[in-house]
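Chain by chain, the residues run as shown.
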Amino acid sequence: MSDAVPTAIRNPVVKYTQIFYNNEFHNSLSGKTFPTIDPATEEKITDVQESDKADVDEAVKAAREAFKPSSPWRQMDASARGYLMCKLADLMERDISYLASLETTDSGKTFLDNVADVRASANLFRYYAGWADKINGKTIPVDGNFFTYTRQEPIGVCAQIIPWNYPIMMLAWKFGPALCTGNVVVLKPAEQTPLTALYIAALTKEAGFPAGVVNVLPGFGPTAGAALADHMQVDKIAFTGSVEVGRLIQQASGKSNLKSVTLELGGKSPNIVLADADLENAVNWAHSGIFFNMGQNCCAGSRVFVQEAVYDEFLELSKKKADAAVVGDPWEEKSENGPQVDQSQFDRIMGYIESGKKEGATLVCGGTRVGKKGFFIRPTIFGNVQDNMKIAREEIFGPVMQVLKFKDVEEVVERANNTFYGLAGAVFTKDIDKALTISSSLQAGSVW
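All values derive from a computational prediction rather than experimental measurement. (Residues numbered from 1 in each chain as written. Predicted model: local features only at pLDDT ≥ 70, side-chain atom pairs only at ≥ 80, totals over all residues. Heavy atoms only, no water.)

**Q** Would you mind showing me how to read helix α11 (residues 311–324) here?
**A** An α-helix turns once every 3.6 residues. As a result, residues three or four positions apart point the same way. Across its 14 residues, α11 extends 20 Å between first and last C-alpha, which sits within 8% of the 20 Å expected from 1.5 Å per residue. Tyr311, Phe314, Leu315, Ser318 and Ala322 are the residues of α11 that are buried. Taken end-on, α11 shows its buried residues confined to a sector of 95°, consistent with a single buried face. The outward face of α11, more than 90 degrees from its buried face, is lined by the exposed residues Asp312, Glu316, Lys320 and Ala324. Structurally, α11 contributes buried residues whose contacts are with β12 (270–273), α10 (279–291), β13 (303–307), β14 (362–365), β15 (380–383) and β16 (400–406). (Helix = DSSP H or I, 4+ residues; strand = E, 2+ residues; numbered from the N terminus. Expected span 1.5 Å × (residues − 1). Buried < 20%, exposed > 50% of the residue type's maximum accessible area, 1.4 Å probe, protein only. Arc of directions from axis to C-beta. Contact = heavy atoms within 4.5 Å.)

**Q** Which parts of the structure should I look at to understand the nonpolar core?
**A** If you look at soluble globular proteins, the nonpolar side chains tend to sit buried side by side. In terms of nonpolar packing, the biggest core is built from 76 residues, with Met92, Phe125, Phe175, Leu179, Phe209, Val216 and Leu228 touching the most fellow members. For this core, the element with the highest residue contribution is helix α6 (residues 167–180), accounting for nine residues. Ignoring anything within four residues of it in the chain, the contact list for Met92 reads Leu99, Val118, Ser121, Ala122, Phe125, Ile168, Ile200 and Leu203. Counting residues in hydrophobic clusters, the runner-up holds 26 residues, among them Ile353, Ala392, Ile396 and Leu442. (Core = buried A, V, L, I, M, F, W, Y, C linked by side-chain atoms within 4.5 Å.)

**Q** What is the right way to look at the environment of Asp133 in this model?
**A** Residue position: Asp133 is located in the loop between α5 (111–131) and β5 (139–140). Remark: the alpha-carbon pair of Asp133 and Glu394, spanning 261 residues in sequence, is separated by 43 Å. Separated by 3.0 Å, the side chains of Asp133 and Lys134 make a polar contact. (Polar contact = N/O pair within 3.5 Å; in protein donor to acceptor, adjacent residues only side chain to side chain.)

**Q** How do you make sense of helix α4 (residues 96–107) when you look at a structure like this?
**A** Helix length check: α4 (twelve residues) gives 16 Å between terminal C-alpha atoms against 16 Å at 1.5 Å per residue, within 8%. For α4, the tally of buried residues reaches twelve of twelve residues, placing the bulk of the element in the interior. Residues of α4 that are buried include every one of Ile96, Ser97, Tyr98, Leu99, Ala100, Ser101, Leu102, Glu103, Thr104, Thr105, Asp106 and Ser107, and no others. Residues of α4 that are buried make contact with β3 (33–38), β4 (43–49), α3 (78–94), α5, α6 and α7 (195–207).

**Q** What am I meant to see in the sheet that holds strand β17 (residues 424–428) here?
**A** What links the strands of a sheet is backbone hydrogen bonding, and the strands pair in either a parallel or an antiparallel sense. Taken together, the seven strands give an open sheet; going across it, the order is β14-β15-β16-β13-β12-β17-β18, and neighbouring strands pair in mixed fashion. Every other strand in the sheet has two partners, leaving β14 and β18 (446–447) as the edge strands with one partner each. Bridge count between β13 and β16: five bridges; the pairing is parallel. In the sheet register, Arg303 faces β16, and the bridge partner there is Gln402. Contacting β12, β15, β16 and β17, α10 crosses the sheet at an angle of about 135° to β16. (Pairing = 2+ DSSP bridges. Axes fitted to C-alpha atoms, helices over the stretch in contact; angles between N-to-C directions.)

**Q** Explanation requested: a negative patch on the surface in the structure shown.
**A** There is a patch of like negative charges on the surface, built from Glu308, Asp408, Glu410 and Glu414. Mapped onto the secondary structure, Glu308 falls in the loop between β13 and α11. Looking at Glu308, the relative accessible area reads 42%, which means it is partly exposed. (Patch = residues over 30% accessible without salt bridge, like charges linked within 9 Å, V, L, I, M, F, W, Y side chains within 5 Å. Areas by Shrake-Rupley, 256 points an atom, 1.4 Å probe, with all protein chains shown as cover. Salt bridge = Lys/Arg side-chain N within 4 Å of Asp/Glu carboxyl O. Lys, Arg positive; Asp, Glu negative; His and termini not counted. Charge placed at Lys NZ, Arg CZ, Asp CG, Glu CD.)

**Q** What am I meant to see in the packing of aromatic side chains here?
**A** Geometry of an aromatic ring pair is reported as the spacing of the ring centres plus the angle between the planes. Taken as a whole and assessed by the stated rule, the structure comprises twelve aromatic pairs. It is Arg74 that lies over the ring of Phe67; its NZ or CZ is 4.0 Å from the centre. A cation sits over an aromatic face here: Arg369 above Phe346, 4.8 Å from the ring centre. (Phe/Tyr/Trp six-rings, centres within 6.5 Å; stacked < 30°, edge-to-face > 60°. Lys NZ or Arg CZ within 6 Å of the ring centre and 35° of its normal.)

**Q** Before we go on, may I ask you to explain the packing of helix α1 (residues 53–66) against helix α8 (residues 221–230) in this structure?
**A** In the contact formed by α1 and α8, the axes pass within 8 Å of each other and the chain directions differ by 45°. For the element pair α1 / α8, the angle class is oblique. In this structure, α1 meets α8 at a crossing whose hand is right-handed. When α1 is examined against α8, the residues Lys53, Val56 and Val60 are found in contact with a partner set consisting of Ala224, Ala227 and Leu228. (Parallel < 35°, antiparallel > 145°, perpendicular 65-115°, else oblique. Left-handed = near helix turned anticlockwise from the far one by under 90°.)

As structure tokens, this is what we get:
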């Protein structure tokens, strides 16, 4: 596909607002709806049908029917599943202008970032499509006159609950591996950003996926999400979001049918800058690591540990870069950041900023609202941050960098690991020995 930037569609017409199951759109059985808001203008985009337990039951029923051994989906060749996923990727790229525009309206992410998200998601579907007919078992040479082998089989009905920070990509990350292996899915998008998930649901029907294979339920966590977590006919649930909700889902699995659970939760990732690092490079990456996507990243490098010899210079360069960042209209190419996703998240972030001030951290820059309309916040940097401060311990999920000073490698590794999170980390140094030593010592799933 061409790398040319597609044309943005301001105020795109919303085509789908209903619940999707069995390859059809339905009104909620309760008759309830909820509004979805444009975070750049604070104005209502549209009303969306609200799923609850009764709607979840219907969607799971459709999914179970689609997973029966005699169903078209189960009888389909693995290579044909891959073909359908490639077709879906093609349709997403065909409609890239609309999808990126719809996402910009619904989430506040910049249009250019959403274009990149659609392209990456289409490529992800193609990647998993290639795996569809390459998943196999083993023959095992056991003792005796026996023929022993293993088969890799689909789990069944996979419930999927995704957040609002990367709505299209999160959907692709959940759909891709589940569909390529022959599962059926029931997805609940975040209530803040349901619109692109519903549009992609329509594309799965156009691509040729059989009825019941893909189901999308807009709604709220305590109702639709809880019903999926508790459901006795759901075989697996995958959730990306907060630690608090992740615990509830784990508990619900234990109290129901012991469904398989995959959780990808929050982070308070350490970003370690040693004195020998290329400081300009470290500043640029640290800026991107916390401020990209308005700081709404699970693996954001929010705790920036800087060795004392270069601490002041790092703060000065970081302040200069943050002050120069353009926060504004997500449709404009010059905008680095758009608004936070909603009023609740805006208020949460501003609360953390006030907490940082009260606990004695130095507000280096930012900390204020941008404009009078929309949930825009200036990139914010705190210096002189101590490990016991609230802003250094809790996930803010916003454009707030905390810069902490350290003396030596042993100290920073211990402090970096002093958290119950463990999602990611980063190290900046010109010394490969230090880089490998620190990265292997960090208790994190991914280290850059």
